[in-house]
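What the coordinates show
Residues per chain are reported as follows:
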Amino acid sequence: MKKTIIFVTAVLIFAISMFSCSDNGSSVFSETETVTEAPSETATEAATAEETTEQVTAPQQKVGYDGMTAVGADGINDGEYDISVDSSSAMFKITECRLNVSDGKMTAEMIMSGTGYEYLYMGTGDDAQKADEADYIKSEDSDGKVKFTVPVEALDKEIDCAAFSKRKQQWYDRKLVFRADSLPVEALADGALKKVEDIGITDGEYTVDVILEGGSGKASVQSPAKLTVKDGKATAEIIWSSNKYDYMIVDGEKILPSSTEEFSVFDIPVAYFDYKLSVSADTTAMSTPHEISYTLYFDSSSIK
């Protein structure tokens with residue numbers, strides 16, 4: 001009996017001590033909760049680190065394309081045009097750009113994706129620090145978005161542009177390329193685009209390298225492509241990677257395939273070389289037919 005009482009007493013004492021520990025151990029559970037919250041704190045620190053090490057987290061990207069030739073204002077007809085701009089940094093993203101050409105000069109109105117930059121300077125950051133503040137290009141408000149209006153020396157040319165961060169109070173170097181191949185054909189003055197007569201090829205059959213861009217990136221065309229010149233006009237045979245294309249639209253003209261047995265094959269006119277020709281191709285591979293926008297680039301230097 002005594003042994004039983006002693007055992008029960010011991011159990012009660014143990015239970016009481018455990019209960020006491022749990023009451024006094026709130027700090028232990030508090031530490032555990034702190035650990036579970038740590039990832040969000042780490043994420044915040046990482047975000048801050050990303051902001052403070054911009055050049056590390058956003059390495060410089062390639063702009064333009066190989067073999068590009070600068071196009072000055074004399075190569076563009078006066079007017080206003082939407083234009084694509086390559087930026088060397090993902091931290092300096094241009095969502096819209098309007099090119100203005102007048103009296104032999106070009107300017108561009110660039111709408112930015114964010115609001116973090118206060119000034120631009122068309123040059124390097126070192127140049128900007130030495131320049132007079134009057135030469136800085138101040139940001140403007142455009143329906144709640146940041147806009148900069150900058151002079152454009154030339155299209156298809158790397159241009160230095162320094163951007164001044166509001167928060168960091170320092171200049172960051174960027175490179176921009178205003179893409180001539182994103183302009184409509186009517187924007188380009190005579191002589192700015194290469195035609196058959198500019199290349200110097202006569203009537204006959206040739207091959208030419210062709211680059212396809214656009215769509216989901218899954219489609220492709222055979223390259224080099226067969227190029228036929230007749231009566232001074234060029235036609236390219238475009239062979240798609242599938243037989244699911246039932247028509248193409250080139251320069252407003254609807255073109256039907258010459259074959260859809262193994263691949264969809266089209267003979268399309270090539271008015272210009274070394275230029276991204278905008279085309280559409282209708283695919284029946286989906287549940288309903290869809291017109292998909294692409295560009296085709298015919299490289300004149302590859303003609304054989």
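Small disclaimer: the values here were computed from a predicted structure and weren't measured.

Before going further, it helps to spend a moment on the side chain of S87. Within the fold, S87 resides in strand β2 (residues 85-87). For S87, a relative accessible area of 14% puts it in the buried group. Here the side chain of S87 touches S89 through a polar contact of 3.1 Å, landing on its backbone oxygen. Only 2.8 Å separates the side chain of S87 from the backbone oxygen of F92, close enough to count as a polar contact. Among residues more than four places away in sequence, those in contact with S87 are Q61, V63, F92, K175 and L176.

Attention now moves to the sheet that holds strand β8 (residues 145-151). Taken together, five strands build an open sheet; the order of strands is β1-β3-β4-β8-β7 and the sheet is antiparallel. Strands with a single pairing partner mark the edges of an open sheet, and in this sheet they are β1 (79-82) and β7 (140-142). Neighbour-to-neighbour, the strand axes of the sheet open up by a mean angle of 30 degrees, direction not taken into account.

Formed by 34 residues in total, the largest nonpolar core has its most connected members in F92, M110, L155 and F178. For this core, the secondary-structure elements that each account for two or more residues are β3 (94-102), β4 (105-112), β5 (117-121), β8, β9 (159-165) and β10 (171-178). Residues I201, V210, V221 and F273 belong to the second largest nonpolar core, which totals 30 residues.

With that settled, consider the pairing of β9. Within β9, six of the seven residues are buried, leaving the element largely enclosed by the surrounding structure. The sheet contact formed by β9 and β10 spans six bridges and is antiparallel. In the strand pairing of β10, A162 is matched with D173. If you look at the hairpin formed by β9 and β10, you'll find five residues sitting between the two strands, and Q169 has a positive phi there, around 55 degrees.

On to the layout of surface pockets, then. Of the pockets and cavities examined, the largest pocket occupies roughly 550 Å³. In terms of lining residues, the largest pocket is bounded by 27 residues, among which Y65, T69, D156, D274 and Y297 are the most central. Where the lining of the largest pocket is concerned, the elements lending two or more residues are β11 (204-214) and β18 (290-299). At three residues, β18 tops the list of elements feeding residues into the lining of the largest pocket. Taken as a whole, the second largest pocket holds about 330 Å³ of empty space. Contributing to the lining of the second largest pocket are 15 residues, with V185, D251, Y275, L277 and S278 lying nearest its centre. For the lining of the second largest pocket, the element with the highest residue contribution is strand β17 (residues 276-283), accounting for three residues. For the lining of the second largest pocket, a count of residues per class yields nine nonpolar, three polar and three charged.

The rules we used
- Residues numbered from 1 in each chain as written.
- Predicted model: local features only at pLDDT ≥ 70, side-chain atom pairs only at ≥ 80, totals over all residues.
- Heavy atoms only, no water.
- Helix = DSSP H or I, 4+ residues; strand = E, 2+ residues; numbered from the N terminus.
- Buried < 20%, exposed > 50% of the residue type's maximum accessible area, 1.4 Å probe, protein only.
- Polar contact = N/O pair within 3.5 Å; in protein donor to acceptor, adjacent residues only side chain to side chain.
- Contact = heavy atoms within 4.5 Å.
- Pairing = 2+ DSSP bridges.
- Axes fitted to C-alpha atoms, helices over the stretch in contact; angles between N-to-C directions.
- Core = buried A, V, L, I, M, F, W, Y, C linked by side-chain atoms within 4.5 Å.
- 1 Å grid on protein atoms, 1.4 Å probe; cavity = no way out; pocket = protein on both sides within 12 Å on 5 of 7 lines; lining within 4 Å.
- Points joined across faces, edges and corners; volume = space filled by probe spheres on them.
- Nonpolar A, V, L, I, M, F, W, Y, C, P; charged D, E, K, R; others polar.

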